[in-house]
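This is what each chain is made of:
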Amino acid sequence: MSDFFADIPKLTYAPDAEGLAFRHYNPDEMVMGKRMEDQLRFACAYWHSFAWPGGDPFGGQTFDRPWFGDTMADARLKADVAFEMFDLLGVPFFCFHDVDIRPEGESFAESRRNFEEIVDIFAAKMETSKTRLLWGTANLFSNRRFMSGAATNPDPDVFAWSAATVKLCMDATHRLGGENYVLWGGREGYETLLNTDLSRELDQMGRFLSMVVDYKHKIGFPGTILIEPKPQEPTKHQYDYDVATVYGNLKRFGLENEVKVNIEQGHAILAGHSFEHEIALANALGVFGSIDMNRNDYQSGWDTDQFPNNVPEVALAYYEILKGGGFGTGGTNFDAKLRRQSLDPEDLVAAHAGAMDVCARGLKAAARMLEDDALEAPRRARYSGWEDPQAQAMLTSDLETIAARVEAEGLDPQPRSGRQEILENVVNRYV
Ligand code: GLC
Ligand code: MN
């Protein structure tokens, strides 16, 4: 046991408590036929909570953590503290990148050995902890070797390095019983078209992804492969721009039945979409997988990775998720970091606790809207004309037949209100 969270007791559901507690997140409460914990499937992100030093573009480290350093002893202490926080929060899942958990070695082999030693420690801890692995992933964007991309790099040796790294991370994810494996195309994109062979890079990306899928089947990994879309940052143009773009690429590579998406709220906003739009589209295309529940600052326009704190927004996201049948292997990952002035261990726990409460409120509101048929009844009414057999027949008909019918029957379509404000008022009664 470290003493990092020494003064902080394990959190419980205690709506009237004074200090740190859950006011809305009650893991055992039933929501639409499942325990709340099993609906929300919360995960903590190792990188922001334990590896991020608090820097911004104008200044470096603000956090002073006893495990900051590049020795294996630091990495072991970090693992202890991480599992202590998972336990305090009672979260069912966590997520990590290779570089979050181990020091970089002098060679690939040394980094691999460092990584595997910590993965062994995780495996041992997970024998007694309730926290499981939602997803593993590889960081193919921080080290300078990846500055021109990973799978899309002009240098084939970087492609090779990336392949070896993903293999290693998939092996670890499989070993730890991870439910998904995530690929976020960190620097898969370009800074300028002047030096970029876009067509070649897209082909490389497709081949790489096919290899990942092949390897998943080879090792019998039962989890889901997920791509996390993002439109810009770090590169000027990211190839996995948004859900629609990822789907187009998957179709082109023939992988649309093999790969799903991990949708991040902040990335959706950067792409000019709402979070619920991206989730609804992924459900419509049959590729919804998981979410990263962290928002951006609407004024600054950066990817600020803040903990969620807007119940109405979160409610609309969970509405689409519940409407689509809820999570399968996915979950709610807090890919969120503290603000850099939030120095204390208590800040880290409070940030997660508050975010879990916000999500719980959003989930409950979403479930009530569905159970009351509050939005689905008016939606069905809006499309009810399509229940007419003649309307259905039109969908398998042709332009000439339809055109003839318009004149023969003297059709005269009458516009009807879309009732947007009335529906917004309905939502407002629930959130
Ligand atoms: C990086 C990205 C984050 C993504 C994660 C996993 O940390 O910033 O959005 O979820 O990698 O690939
Ligand atoms: Mn993310």
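Residues numbered from 1 in each chain as written. Chains lettered and ligands numbered in written order. Predicted model: local features only at pLDDT ≥ 70, side-chain atom pairs only at ≥ 80, totals over all residues. Heavy atoms only, no water.

Student: What is the right way to look at the overall build of the protein in this model?
Tutor: Helix and strand content of the protein: 16 helices and 12 strands. Its C-alpha atoms give the protein a radius of gyration of 24 Å, within 12% of the compact-globule value 22 Å for 431 residues. Each principal axis of the C-alpha atoms in the protein carries an extent, and together these give about 80 × 60 × 45 Å. By the burial criterion, 50% of the 431 residues in the protein qualify as buried. Across the protein, every contact between residues at least 6 apart in sequence was considered, and the portion connecting residues at least 24 apart equals 76%. (Helix = DSSP H or I, 4+ residues; strand = E, 2+ residues; numbered from the N terminus. Rg over C-alpha atoms; globule rule 2.2 N^0.38 Å. Buried < 20%, exposed > 50% of the residue type's maximum accessible area, 1.4 Å probe, protein only. Contact = heavy atoms within 4.5 Å.)

Student: What should I look at first to understand the pairing of strand 10 (residues 259-264) in this one?
Tutor: Two faces belong to every sheet, and in a regular strand the side chains alternate between them. Of all six residues that make up strand 10, five are buried, and the element is covered over most of its length. Bridge count between strand 8 (residues 224-228) and strand 10: three bridges; the pairing is parallel. The residue of strand 10 that forms the bridge with Ile-225 is Val-259. (Pairing = 2+ DSSP bridges.)

Student: What am I meant to see in the coordination of the manganese ion (ligand 2) here?
Tutor: Tetrahedral metal sites with four donors have an ideal angle of 109.5 degrees; octahedral sites with six donors have ideal angles of 90 or 180 degrees. The coordination sphere of the manganese ion (ligand 2), as far as protein atoms go, consists of Glu-228 (OE), Glu-264 (OE), Asp-292 (OD) and Asp-335 (OD), spread over 2.0 to 2.1 Å. Going along the chain, you hit the donors of the manganese ion (ligand 2) in the pattern E-x35-E-x27-D-x42-D. Here Asp-292 lies in strand 11 (residues 288-292) and Glu-264 lies in strand 10, a separation of 28 residues in the sequence. The two residues Glu-264 and Asp-292 agree in class, both being buried. (Donors = N, O, S within 2.8 Å, 3.2 Å for Na, K, Ca; no water.)

Student: Quick question: what am I supposed to make of the sheet that holds strand 8 here?
Tutor: Sheet strands pair via backbone hydrogen bonds, and the direction of the pair is either parallel or antiparallel. Spatially, eight strands are ordered 3-4-5-6-8-10-11-12 in a closed barrel, and the strand pairing comes out parallel. Direction aside, neighbouring strands of the sheet carry axes that sit 30° apart on average. Two strands pair when backbone bridges link them, and strand 3 (residues 42-45) and strand 12 (residues 332-334) are joined in this way by three bridges, in the parallel orientation. By the bridge assignment for strand 12, Cys-44 is matched with Phe-334. In the packing of helix 8 (residues 243-253) onto the sheet, the strands contacted are strand 8 and strand 10, and the crossing angle to strand 10 comes to about 165°. (Axes fitted to C-alpha atoms, helices over the stretch in contact; angles between N-to-C directions.)

Student: Looking at this structure, how should I read the UniProt feature "active site" (unreviewed entry) in the protein?
Tutor: Those places that UniProt annotates as "active site" (unreviewed entry) correspond, in this numbering, to His-97 and Asp-100. Mapped onto the elements, His-97 comes out in strand 4 (residues 93-97). Once residues within four sequence positions are removed from consideration, His-97 is found in contact with Trp-47, Thr-137, Ala-138, Asn-139 and Phe-141. As for its position among the elements, Asp-100 is in helix 4 (residues 98-101). On the basis of relative accessibility, which here comes to 4%, the residue Asp-100 falls in the buried class. (UniProt positions renumbered as here; feature names shortened; annotations may be inferred.)

Student: I'm lost on the pairing of strand 5 (residues 132-137) in this one. Help?
Tutor: Counting buried positions over the six residues of strand 5 gives five, a clear majority of the element. Where strand 4 meets strand 5, five bridges bridge the pair, whose relative direction is parallel. Pairing of Phe-96 across the sheet is with Gly-136, part of strand 5. Alignment of strand 5 against strand 6 (residues 180-184), held across three bridges, turns out to be parallel. Among the inter-strand pairings, Trp-135 is bridged to a residue of strand 6, identified as Asn-180. You can see the chain leave strand 5, run along helix 6 (residues 156-175) and come back into strand 6, and the turn it takes is right-handed. (Right-handed = clockwise from strand over helix to strand, strands pointing away.)

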